[in-house]
Amino acid sequence: MSKNTHTQVQEHTVAIAGRGGQGVVLATTLLARAAFKKGLYVAQLQSYGAEVRGGAVVAYVVLSKQPIENPYPENYDLVIALHEAGVARRRNEILSSKAIIADEDLVKPIPKDNVIQVKIVKSGTPNMVALGIITAFIPAITEELRKEISKLWNAEENLRSFDTGVRIGFELLGKHTKLKDVAESLTKLVSS
Amino acid sequence: MRVEFLSGNEAVAKAALDSGLKFYAGYPITPSSEVMHYLARELPKNGGMFIQSEDELAAINMVVGAALAGVKSMTATSGPGFSLMQEGLGYAVMVEAPIVVVNVMRAGPGTGQATKAAQGDVMQARWGRHGDQVVVVLAPSSPQEAYDLTVKAFEIAWGLRVPVVVLSDEFVGHGREVVEMPDKVKEPEPGWGSEDYSKPPFGSDDPRKPPPLPPLGEGYDLLITGSTHDEWGYRDVHSFETHFKLVKRLKEKVLGNIEKVFMYEYFGDDEADILIVAYGSMSRPARTAVRRLRATGFSAGLLKLKTLWPMNYDVLRSYVKDARVVIVPELNLGQVVYDVRIVAGNGTVVVPINKVGGGVPIYACEIVEKAQKVWGEVLEEALQP
Amino acid sequence: MRCLRKHFSRKYLREEVLPTPFCPGCFNGVVMNAMFKAFEELGVERLKGYVFVSGIGCSSWIPSPHIKADTIHTLHGRAVAVATGVKLAKPNLNVIVIGGDGDLAAIGFNHLVHAARRNMDLLVILVNNLVYGMTRGQASPTTPEGMRTVTTPYGAYEPVMDVAELIARTNANYVARWCVVNFNQLKNSIKEALSKYSRGFRFIEVIAPCITYVVRYEGKTPGQKIKELMKVCRPNTETPYGRIGILKAEDKPGYLDRYFEYVKRATEGDKGE
Amino acid sequence: MSACSVEVDRNLCKGCGICVSVCPKNALELSPNIGPSGYRYPMLKGECIGCKTCTLYCPDFAITIVCNEGGGQG
């Protein structure tokens with residue numbers, strides 16, 4: 001029997017929403033593994049259809065300095081939306097998230113001021129660009145993530161897309177002050 | 001201590017290997033297949049046997065055969081496959097074969113939603129077989145517990161010669177988390193370490209002590225049958241006494257050891273006004289809900305059940321009796337809530353939260369809102385003249 | 001007074017369970033004699049290291065509880081699956097499955113045919129009595145067309161399953177079919193399947209019509225049926241029960257040989273990617 | 001006198017008559033009396049040549065043949 005006190009639990013979630021075949025699950029797995037190697041507690045979950053390609057996919061990573069209490073957050077700190085199908089699957093959770101970066105071609109315009117729409121899918125391999133954007137919010141895991149990507153079979157191309165994503169991510173951070181809070185809280189996770 | 005980033009399904013497979021698993025038979029089914037994938041790779045390298053069976057009926061019966069031969073054996077499946085295994089599970093109960101069956105629950109009935117988490121197999125795991133029987137059902141809430149409870153499953157199965165079901169779900173099985181594992185697990189021993197092969201293999205004077213299981217091929221001339229049998233295995237399909245004695249012993253063997261079998265955790269205030277009873281994956285948002293309720297001034301607690309069967313109603317009652325409101329969140333239309341209703345007195349309001357399908361969890365905020373709403377109603381009723 | 005001498009089969013039997021519960025004249029006993037004679041001629045005096053697995057049905061009671069050895073009496077149809085588990089868990093054991101046509105050819109056919117495909121190292125003896133004897137003579141997959149049973153009161157109309165031919169078309173090593181009256185051939189087959197062809201899947205079908213629901217319904221005594229079968233069941237000829245004789249005899253590597261080859265690949269550098 | 005004799009375990013015999021019909025010498029018949037198991041049992045009526053066919057076909061392990069010369073047992 002444990003009698004814990006009311007300590008605040010600091011858990012942050014990064015999600016990718018997309019379509020089967022875009023590599024959403026793989027991207028979140030790499031992100032989780034890289035964060036794990038940097039000493040964080042992580043939980044990586046996903047929701048996908050029975051079909052191998054084409055269905056709606058939402059996958060996310062919960063990051064914390066302590067063991068994860070609850071890997072089922074009601075909303076996310078940061079969402080990268082790669083396809084409308086994924087957004088539709090978890091509409092409530094995604095729309096109540098702190099910051100959403102959505103593909104401007106494949107995701108229908110979302111009229112909310114915390115949504116930023118940019119070219120993601122057309123900038124390279126979609127999941128790698130997404131990972132790059134996320135990394136701009138947690139720069140401390142960039143090297144671990146690059147190591148994980150290097151193990152993939154088409155590492156070179158993937159790394160190129162990843163770097164493109166990192167660039168897009170930093171550009172967005174420079175332009176949109178709303179993203180700063182999110183980046184700050186995520187960065188704090190690995191800083192100390 | 002080993003620390004790895006594993007899915008719940010991988011954690012189950014690793015725990016089984018660490019517990020001395022040497023035989024796995026299984027049939028592919030979502031969302032349990034990763035258990036099989038892992039063991040297909042590892043068992044042949046570790047002196048074990050792996051076979052992809054023609055169906056789940058074959059899988060469970062092969063596993064029973066291997067267990068009777070004295071080898072640690074396991075199978076894993078999901079909903080429809082688990083239904084097919086029920087007959088074999090009942091047989092395993094009758095011949096007292098120490099097997100471990102992992103069921104990674106998905107949304108049913110029928111084919112349902114193969115890739116979506118659910119907790120709808122609780123009653124099937126408990127009562128899915130014909131006749132009177134008890135199996136042990138454990139429900140992990142995370143990859144960490146998937147590891148810990150699978151180790152425990154082998155310990156109980158071999159300690160009591162009883163089938164143990166590890167009732168995981170898609171969230172736990174496919175979710176990946178950090179898992180801490182000991183460097184070495186003590187291999188589970190038959191009869192918790194004391195076996196006398198001169199004693200009858202199917203009878204025991206002490207109902208708490210399982211009979212010994214001599215391995216096949218050593219000259220014990222074992223007579224094993226799924227029909228009603230006496231303590232030496234001779235079939236008796238007529239007498240009341242033999243049958244009654246046998247089924248009672250099979251039940252008492254497990255219930256008599258309930259302190260070794262029944263596992264739970266409590267988190268929160270002593271004698272909490274609002275109690276949440278949860279298990280498996282849904283015990284985790286429940287814990288967050290309890291923390292939030294307490295932070296806003298409520299007296300709240302979480303009773304997390306790790307063992308779903310046999311249920312220790314005394315333990316359950318001891319927590320439920322002090323609560324005014326008991327919330328039971330489940331990814332089904334209400335199954336464990338019946339246990340809570342059995343022990344709840346008139347002064348306790350039992351409220352289920354049910355949600356299933358689409359891979360949608362019950363969120364902590366939903367539990368909090370429900371608790372606050374019901375608490376408000378209870379207060380209002382109490383204040384009425 | 002001189003003590004009564006014991007029948008040769010009885011050294012392999014649990015004395016305390018005799019007489020058997022089989023009907024008077026039931027051919028199960030003859031199949032047992034053939035099997036025990038084979039053991040005797042192989043010099044096996046004590047069946048240590050042999051595991052007999054059976055399912056549900058009259059012929060499944062041949063080993064359990066009668067044979068003095070490790071016996072596992074399993075669920076209806078699942079004997080081959082349980083036997084597979086035993087064999088793979090303890091490869092040095094000799095595992096023999098005995099079952100009927102309902103058990104092995106109907107409810108358990110999936111396991112039978114896949115064990116044959118795998119060339120699983122088992123000896124399976126199918127005692128084909130043409131009906132479901134234990135449950136009062138319902139039609140089975142091997143019931144001859146036209147035969148009246150409780151479930152085919154106007155005569156069976158489904159085509160018959162030729163189990164031995166089907167198994168012969170798989171990867172099984174050894175397949176034979178004998179009538180119960182081909183006593184020596186049956187005995188020799190069992191001997192061969194335990195010695196010369198001691199690996200892979202070995203399948204022996206024995207035609208042994210149910211004394212109660214086939215023979216008595218034909219108005220014959222067991223003795224008359226034996227005489228009739230002796231005329232019909234000539235080795236290496238076509239009979240109403242299919243071709244009688246050894247249908248296949250090979251000595252290909254069995255499942256375990258292949259598995260251990262596979263293990264070698266796994267332990268000698270193959271990463272399994 | 002027959003060189004071989006037939007011994008029947010009357011507790012096991014179920015009187016099915018298979019031994020009578022498989023005997024190549026037609027030397028067996030079922031007794032007019034009922035044995036302890038409730039069935040008629042086989043008796044030697046003619047000459048037994050010790051071929052032991054009856055023992056192989058006896059489904060109840062009840063019949064054995066004892067021949068004087070060599071003391072064969074089967």
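In this text, all values refer to a predicted model and were calculated from it rather than measured experimentally.

## Here we look at the arrangement of the chains
Alright, step 1. Contacts are most numerous, across the 3 pairs of chains in contact, for chains B and C.
Alright, step 2. Looking at chain A next to chain C, you find no contact at all, with the nearest C-alpha pair sitting 13 Å apart.
Alright, step 3. No interface is formed between chain A and chain D, the nearest pair of C-alpha atoms being 57 Å apart.

## Let's talk about the state of the cysteines
Alright, step 1. Taken as a whole and judged by the stated rule, the model has 2 disulfides over all chains.
Alright, step 2. Linked covalently through their sulfurs, C:Cys179 and C:Cys233 form a disulfide whose S-S length is 1.9 Å. Because the torsion about its S-S bond is -60 degrees, the bridge between C:Cys179 and C:Cys233 counts as left-handed. Of this pair, C:Cys179 sits in strand β7 (residues 174-179) while C:Cys233 sits in the loop between α8 (222-232) and β9 (238-239); the two residues are 54 residues apart in sequence, bridging distant segments of the chain. Both residues of the pair, C:Cys179 and C:Cys233, belong to the buried class.
Alright, step 3. Paired through a disulfide, D:Cys4 and D:Cys67 show a sulfur-sulfur distance of 2.0 Å. Note on the D:Cys4 and D:Cys67 pair: the S-S dihedral is about 100 degrees, so by sign convention the disulfide is right-handed. With D:Cys4 in strand β1 (residues 4-8) and D:Cys67 in strand β4 (residues 63-67), this residue pair connects regions lying 63 residues apart in the sequence. The same class applies to D:Cys4 as to D:Cys67, namely buried.

## So, the interface of chain A and chain B
Alright, step 1. Counting residues at the interface gives 34 residues for chain A, matched by 36 residues for chain B.
Alright, step 2. Taken over both partners, the interface formed by chain A and chain B buries close to 3,000 Å², and the fraction arising from carbon and sulfur atoms is 48%.
Alright, step 3. Counting every contact that joins chain A to chain B gives 3 salt bridges.
Alright, step 4. Note that A:Glu69 is salt-bridged to B:Arg287, the shortest N-O span being 3.4 Å.
Alright, step 5. At the boundary of chain A with chain B, the tally comes to 16 residue pairs in polar contact (both at pLDDT 80 or more).

## Quick notes on the nonpolar core
Alright, step 1. Membership of the largest hydrophobic core comes to 145 residues, with the highest contact counts inside it found for B:Met74 and C:Phe201.
Alright, step 2. Among the elements that take part in this core, helix α6 (residues 143-160) of chain B stands out by supplying 10 residues, more than any other.
Alright, step 3. Excluding its chain neighbours within four sequence positions, the residues that come into contact with B:Met74 are B:Val12, B:Ala16, B:Leu21, B:Phe23, B:Tyr24, B:Ala25, B:Val35, B:Leu39, B:Val63, B:Val100, B:Val102 and B:Phe154.
Alright, step 4. Counting residues in each nonpolar core, the second largest holds 79 residues, with C:Ile96, C:Ile125, C:Ile204 and C:Ile244 among its members.

## A short note on unusual backbone geometry
Peptide bonds are, in most cases, trans, and in most cases residues other than glycine have a negative phi.
Alright, step 1. Backbone torsion omega between B:Gly108 and B:Pro109 reads 5 degrees, so that peptide bond is classified as cis.
Alright, step 2. With respect to the secondary-structure elements, B:Pro109 resides in the loop between β5 (100-107) and β6 (113-117).
Alright, step 3. A cis geometry characterises the amide bond from C:Leu18 onward to C:Pro19, with omega recorded as -5 degrees.
Alright, step 4. Secondary-structure assignment places C:Pro19 in the segment before α1 (28-41).

## Let's talk about the pattern of salt bridges
Alright, step 1. Counted by the stated rule, this structure contains 53 salt bridges over all chains.
Alright, step 2. As a salt-bridge pair, B:Arg126 and B:Asp339 come within 2.7 Å of each other at their nearest N and O atoms. Taken as a pair, B:Arg126 in helix α5 (residues 122-127) and B:Asp339 in helix α12 (residues 337-343) lie far apart in primary sequence, 213 residues in all.
Alright, step 3. Residue class for B:Asp339 comes out buried when judged on its relative accessible area of 2%.
Alright, step 4. Its salt-bridge partner being C:Lys11, residue C:Glu40 comes within 2.7 Å of it at the nearest N-O pair.

## Quick look at the packing of aromatic side chains
Alright, step 1. Counted by the stated rule, this structure contains 21 aromatic pairs over all chains.
Alright, step 2. Seen in terms of ring centroids, C:Tyr12 and C:Phe39 are 6.0 Å apart; in terms of plane orientation they differ by 40 degrees. Their pairing is tilted. With C:Tyr12 in the segment before α1 and C:Phe39 in helix α1, the pair connects residues that are 27 residues apart, well separated along the chain.
Alright, step 3. When its relative accessible area of 0% is taken as the criterion, C:Phe39 is described as buried.
Alright, step 4. Taken together, the aromatic side chains of C:Tyr12, C:Phe36, C:Phe39, C:Tyr50 and C:Phe52 make up a single cluster linked through ring pairs.
Alright, step 5. The ring of C:Trp61 carries the charged tip of B:Arg235 above its face, separated from the ring centre by 4.0 Å.
Alright, step 6. Taking NZ or CZ as reference, C:Lys37 lies 4.1 Å from the ring centre of C:Phe8, over its face.

## Describing the packing of helix α3 (residues 56-68) of chain B against helix α2 (residues 79-89) of chain C
Alright, step 1. Two numbers describe how α3(B) lies on α2(C): the axes approach to 6 Å, and their chain directions differ by 45 degrees. It follows that α3(B) is oblique to α2(C) by the angle criterion. The two elements α3(B) and α2(C) cross, and the hand of that crossing is right-handed. For the pair formed by α3(B) and α2(C), the contact residues are B:Ala58, B:Asn61, B:Met62, B:Gly65 and B:Ala66 on the first element and C:Ala81, C:Val82, C:Thr84, C:Gly85, C:Val86 and C:Ala89 on the second.
Alright, step 2. When the residues that make up the contact of α3(B) with α2(C) are grouped by side-chain class, the tally is 7 nonpolar, 4 polar and no charged.

## Side note on the side chain of B:Glu54
Alright, step 1. Position of B:Glu54 relative to the elements: it lies in the loop between β3 (49-52) and α3.
Alright, step 2. Owing to a relative accessible area of 11%, B:Glu54 belongs among the buried residues under this scheme.
Alright, step 3. Within the structure, the side chain of B:Glu54 is placed 2.8 Å from the side chain of C:His111, a separation counted as a polar contact.
Alright, step 4. Polar side-chain contacts of B:Glu54 include one of 2.8 Å to the side chain of C:Arg118.
Alright, step 5. Ignoring anything within four residues of it in the chain, the contact list for B:Glu54 reads B:Tyr27, B:Met62, C:Asn110, C:His111, C:His114 and C:Arg118.

Rules of the game
Residues numbered from 1 in each chain as written. Chains lettered and ligands numbered in written order. Predicted model: local features only at pLDDT ≥ 70, side-chain atom pairs only at ≥ 80, totals over all residues. Heavy atoms only, no water. Contact = heavy atoms within 4.5 Å. Disulfide = S-S within 2.5 Å. Helix = DSSP H or I, 4+ residues; strand = E, 2+ residues; numbered from the N terminus. Buried < 20%, exposed > 50% of the residue type's maximum accessible area, 1.4 Å probe, protein only. Buried area = accessible area lost by both parts, 1.4 Å probe. Salt bridge = Lys/Arg side-chain N within 4 Å of Asp/Glu carboxyl O. Polar contact = N/O pair within 3.5 Å; in protein donor to acceptor, adjacent residues only side chain to side chain. Core = buried A, V, L, I, M, F, W, Y, C linked by side-chain atoms within 4.5 Å. Phe/Tyr/Trp six-rings, centres within 6.5 Å; stacked < 30°, edge-to-face > 60°. Lys NZ or Arg CZ within 6 Å of the ring centre and 35° of its normal. Axes fitted to C-alpha atoms, helices over the stretch in contact; angles between N-to-C directions. Parallel < 35°, antiparallel > 145°, perpendicular 65-115°, else oblique. Left-handed = near helix turned anticlockwise from the far one by under 90°. Nonpolar A, V, L, I, M, F, W, Y, C, P; charged D, E, K, R; others polar.

Any functional reading would require information that these geometric values do not contain.
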